[in-house]
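Read off the chains here:
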Amino acid sequence: MSKIGKDISALGTSVKGFLRGKWKELLLIGVLAVVLLFAISRVFRGNETKTVSTQMTDLEIKVARLLQEIEGVGSAEVIVCETEEGAKNVVIVCDGAKNIRVVMNVREAVAAALNTEEKSIKIYQKK
C-alpha cells in the first residue's frame, strides 16, 4: 500500500475513533439545532398567515370621497373598524393632516357622518 493510502486509512481510523466516543454529543447538538431552527421559524413567521385586504369597503369609499371635498384635505384613505359593542374606530390618512384646521374639520365631518365619537377618530399625514 502506498504512503497516501496508509495516510488515508489512518485518517479514517482516527475519525471513526473520534466519532465513536462523541456520537451522543453530536446527536444532542443535532437535535438542539433542529429545535432551535424550528423555534426561530415560528417566531419570525408566526403560527398562521394573515391576509390583509387592501380594498376599501363601500362605506370607507364614501367617507374618503366626502373628505376629499373638504378644503385642504387632498387625497384620503379611510379604514373603519366596528367593535362588538357597535362603536366605530376610524383611521384616516390624508394629505392635509399637517394643518390643524383640516384635522379638526375631518374629525368633525367623520364623527357626524358615522355617528361616532370624535375621540375614536385618528388622523395622520400621508407621506
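Remember, it's a predicted structure, so these values are computed and weren't measured experimentally.

Asks: Talk me through the overall build of the chain; I want residue IDs and the actual numbers.
Replies: Looking only at helices and strands, the chain has 3 helices and 3 strands in total. Secondary structure of the chain in N-to-C order comes out as α-α-β-β-α-β. Here the chain, with 127 residues, has 20% of them falling under the buried criterion. Considering only intrachain contacts with a sequence separation of at least 6, the fraction spanning at least 24 residues in the chain is 45%. About 10,300 Å² of surface is accessible on the chain, with carbon and sulfur atoms providing 60% of the total.

Asks: Break down the nonpolar core for me, citing the residues and quoting the values.
Replies: Counting residues in each nonpolar core, the largest one holds 21 residues, and the members touching the most others are L67, I92 and V110. Elements represented by at least two residues in this core include exactly α2 (58–68), β1 (76–82), β2 (88–94), α3 (100–114) and β3 (121–125). Here this core takes 7 residues from α3, the largest share from any one element. I92 has contacts with L67, E77, V78, V106, V110, I121, K122, I123 and Y124, leaving out every residue within four places of it along the chain.

Asks: Lay out the pairing of β3 with the relevant residues and their values.
Replies: Inspection of the sheet shows β2 paired to β3 by 5 bridges, in the parallel sense. Paired with I92 across the two strands is I123, which belongs to β3. Considered for its hand, the β-α-β crossover made up of β2, α3 and β3 is right-handed.

Asks: Outline the pattern of salt bridges, listing residues and values.
Replies: Following the criterion strictly, the structure yields 2 salt bridges and no others. Close ionic contact of K126 with E77 constitutes a salt bridge, the shortest N to O distance being 3.9 Å. Remark: E77 occurs in strand β1 and K126 occurs in the segment after β3; sequence separation between them is 49 residues. Across the pair K119 and E117 runs a salt bridge whose closest N-O atoms are separated by 3.5 Å.

Asks: Tell me about the sheet that holds β2, residues and numbers included.
Replies: Within the open sheet, the 3 strands sit side by side as β1-β2-β3. Their pairing is mixed. With one partner strand each, in any of the chains shown, β1 and β3 form the two edges of the open sheet. The average angle at which neighbouring strand axes cross in this sheet is 15°, direction not considered. Packing against the sheet, α2 makes contact with β1 and β2, and its axis sits at approximately 140° to β1. Those strands touched by α3 are β1, β2 and β3, and its axis lies near 145° from that of β3.

Cut-offs used in this document
Residues numbered from 1 in each chain as written. Predicted model: local features only at pLDDT ≥ 70, side-chain atom pairs only at ≥ 80, totals over all residues. Heavy atoms only, no water. Helix = DSSP H or I, 4+ residues; strand = E, 2+ residues; numbered from the N terminus. Buried < 20%, exposed > 50% of the residue type's maximum accessible area, 1.4 Å probe, protein only. Contact = heavy atoms within 4.5 Å. Areas by Shrake-Rupley, 256 points an atom, 1.4 Å probe, with all protein chains shown as cover. Core = buried A, V, L, I, M, F, W, Y, C linked by side-chain atoms within 4.5 Å. Pairing = 2+ DSSP bridges. Right-handed = clockwise from strand over helix to strand, strands pointing away. Salt bridge = Lys/Arg side-chain N within 4 Å of Asp/Glu carboxyl O. Axes fitted to C-alpha atoms, helices over the stretch in contact; angles between N-to-C directions.

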